[in-house]
Amino acid sequence: MEEKVVKTANNLDKQQQEWRKMSDKKGPQPIALPDIQASRTRRLITKDEELNRVLGGGIVPGSIVLFGGQPGIGKSTLLLQLALGAKAKVLYVSGEESENQIKMRADRLGGNMDNCFILTETNIHKILKHTLELQPQLLITDSIQTLSSPNLDSMPGSITQVRECAAELQRFAKETNIPVFLIGHITKEGSIAGPKLLEHIVDVVLLFEGDRHYTYRMLRTQKNRFGSTDEMGIYEMQADGLREVSNPSELLLSQKDEDLSGSAISATMEGMRPMLIEVQALISPAVYGNPQRSATGFDLRRLNMLLAVLEKRAGFPLGQQDVFLNIAGGIRVDDPAIDLSIMAAIMSSHEDVAIPTDVCFAGEVGLSGEIRSVSRIDQRIQEADRLGFKEIFISKYNTKGLDTSRFGIKVYTIGKLQELYTELFA
Ligand code: TYD
Ligand code: MG
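The structure reproduced in this document is the subject of the present report. (Residues numbered from 1 in each chain as written. Chains lettered and ligands numbered in written order. Predicted model: local features only at pLDDT ≥ 70, side-chain atom pairs only at ≥ 80, totals over all residues. Heavy atoms only, no water.)

**Thoughts on the environment of D358**
Okay, step 1: Its place among the elements puts D358 in the loop between α10 (339-351) and β14 (359-362).
Okay, step 2: Since its relative accessible area comes to 30%, D358 is described here as partly exposed.
Okay, step 3: Spatially, the C-alpha atom of D358 lies 47 Å from that of Y92, the residues being 266 residues apart in sequence.
Okay, step 4: Setting aside residues no more than four positions away along its own chain, D358 makes contact with F389, K390 and E391. (Helix = DSSP H or I, 4+ residues; strand = E, 2+ residues; numbered from the N terminus. Buried < 20%, exposed > 50% of the residue type's maximum accessible area, 1.4 Å probe, protein only. Contact = heavy atoms within 4.5 Å.)

This is the structure in structure tokens:
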């Protein structure tokens, strides 16, 4: 049942005029933008370089950060590690694990424990009271789904509780200037009540993701009021915690030593950072009715589109073939520049001819089979050069202002998909 207050026309008229009589000398007044004194916020720089970069240069005081991810991906590990590495006081509140469990984990992770305070509590008021007394530089709550406010009757983890607790933490953060990290569990679909509905309350939404079967974890920003959202951090899960991967290319390429068909290297960008990764494709005749298409780490719809382009514009008969695509390392890539390497990998698997291991690619493929230019081509070429690649294929539309003579690597420019085929296999 929902209560609806019926307003008569007369009444409504009076209410609508009420603001005219209001005299508001207190409270916020309109102020010209140049008159506002920006207090330069000193960000909290953590020991974790990847996290600093993803946040846009450290933690902003008074900000509230939602740290989402699937259960078991390593959220508690990363944030406990953050607390252990801190120079200033950090309060880590856990409603999921006992003090003992946390202590064991901390022992495993190593690091400096002096500044790390643990509280096992789920009552939001008690948490805030302790925080106020302790005055830490950072408050971490693990997880938002376990917190509850005594003002409400509903169960912890319910929509109303999650929203109420997040709102209280947000007010607290703004008032005390203590930044707050909220851990939130998200299911694969991101559907569960909780983190999704908090996105508009919090300042920053970080997503921690990765394939459980691989050791790499990616930290992405979905929303950031204080920085760009295209930065990405990469970690590797090890026996003693998460290790920052500051040079992803070398790691993702290290397993490759012989020429195999169906594999191609792409020069991609993640935010401002160039990264070379390997794409693998397998084409084989479909034996059971409908051909299968499957992609790991890449958008399946985009793969279908690329296959259609390959069939129509380059005359590859793929209609009766199974196509499997895999991005090495369990990494998910959104950069369109990976298209060209996918095409090359598919062609290579189809022809069963290997692409030399010192060749890489960077280009987007359009619907008419044209190779389109991509952003930051200099940086991509430079990174490939640095890693010892001998040849790189890019779009011929990408050469404006590009001085290829300063690189040791040979730069091939192509305009159409057919040219890729002729250059590589004909
Ligand atoms: P955890 O941080 O508990 O995940 P979340 O809080 O996101 O649910 O991490 C879970 C996994 O991480 C666990 O399955 C084991 C693994 N792990 C390691 O491999 N090394 C370690 O040092 C730690 C602490 C965990
Ligand atoms: Mg956890």
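There's plenty left to go through after this.
**A closer look at the site of ligand 1**
Okay, step 1: Surrounding ligand 1, one finds 15 residues, the nearest of these being G72, K75, S76, T77 and Q238.
Okay, step 2: Separating an oxygen atom of ligand 1 from a side-chain N or O atom of S76 is a distance of 2.5 Å.
Okay, step 3: A239 places a main-chain nitrogen or oxygen 2.9 Å from an oxygen atom of ligand 1.
Okay, step 4: With the chains in place, 74% of the 560 Å² that ligand 1 exposes on its own is no longer accessible.
Okay, step 5: Elements supplying a minimum of two residues to the shell around ligand 1: α3 (75-85), α4 (99-109) and β8 (232-238).
Okay, step 6: With three residues, α3 is the largest single contributor of residues to the shell around ligand 1.
Okay, step 7: Here the residues of the shell around ligand 1 are counted per class, giving four nonpolar, seven polar and four charged. (Near = heavy atom within 4 Å. Polar contact = N/O pair within 3.5 Å; in protein donor to acceptor, adjacent residues only side chain to side chain. Areas by Shrake-Rupley, 256 points an atom, 1.4 Å probe, with all protein chains shown as cover. Nonpolar A, V, L, I, M, F, W, Y, C, P; charged D, E, K, R; others polar.)

**A word on empty space enclosed by the protein**
Empty space among the atoms becomes apparent when a probe as large as a water molecule is rolled across them.
Okay, step 1: Counting across every chain of the model gives one cavity of 30 Å³ or more.
Okay, step 2: Along the walls of the largest cavity sit R43, L55, G58, I59, V60, S63, V65, V204 and F226, which together make up its complete lining. (1 Å grid on protein atoms, 1.4 Å probe; cavity = no way out; pocket = protein on both sides within 12 Å on 5 of 7 lines; lining within 4 Å. Points joined across faces, edges and corners; volume = space filled by probe spheres on them.)

**Observations concerning the sheet that holds β14**
Okay, step 1: Taken in spatial order, the seven strands of this open sheet run β12-β13-β11-β10-β14-β17-β18, and their pairing is mixed. Here the strands that pair on one side only, and so sit at the sheet edges, are β12 (293-296) and β18 (410-414). In this sheet, neighbouring strand axes are inclined to one another by 25 degrees on average, regardless of whether the strands run parallel or antiparallel.
Okay, step 2: Bridge count between β12 and strand β13 (residues 321-327): four bridges; the pairing is parallel. Counted as the bridge partner of S294 is F324 from β13.
Okay, step 3: In this fold helix α9 (residues 300-314) packs onto β12 and β13, with an angle of close to 125 degrees to the strand it touches most, β12.
Okay, step 4: Along the sheet, α10 contacts β10 (263-270), β11 (273-285), β13, β14, β17 (391-395) and β18; its crossing angle with β11, the most-contacted strand, is approximately 30 degrees. (Pairing = 2+ DSSP bridges. Axes fitted to C-alpha atoms, helices over the stretch in contact; angles between N-to-C directions.)

**Structural notes on unusual backbone geometry**
Okay, step 1: Following D142, the chain continues into S143 via a peptide bond in cis, with omega recorded as -5 degrees.
Okay, step 2: Along the chain, S143 falls in the loop between β4 (138-142) and α6 (159-176).
Okay, step 3: Within the chain, D352 stands out as a residue other than glycine whose phi angle is a positive 55 degrees.
Okay, step 4: Mapping D352 onto the fold places it in the loop between α10 and β14.
Okay, step 5: Given a relative accessible area of 59%, D352 falls into the exposed group.
Okay, step 6: At R376, a position not held by glycine, the phi torsion is positive, near 50 degrees.
Okay, step 7: Along the polypeptide, R376 turns up in the loop between β16 (371-372) and α11 (377-386).
Okay, step 8: R376 gets classed as partly exposed once you look at its relative accessible area, which sits at 38%.

**Here's the deal with the nonpolar core**
Okay, step 1: Counting 43 residues, the largest nonpolar core has I342, I346, F361, L417 and L420 as its most contacted members.
Okay, step 2: Listing elements by their share of this core, those giving two or more residues are β7 (216-224), β8, β11, α9, β13, α10, β14 and α12 (417-425).
Okay, step 3: Sorting elements by how many residues they give to this core places α10 first, with seven residues.
Okay, step 4: Ignoring anything within four residues of it in the chain, the contact list for L417 reads V309, L310, A314, M343, M347, V365, G369 and I371.
Okay, step 5: L79, F181, L219 and L242 belong to the second-largest nonpolar core, a separate cluster that totals 30 residues. (Core = buried A, V, L, I, M, F, W, Y, C linked by side-chain atoms within 4.5 Å.)

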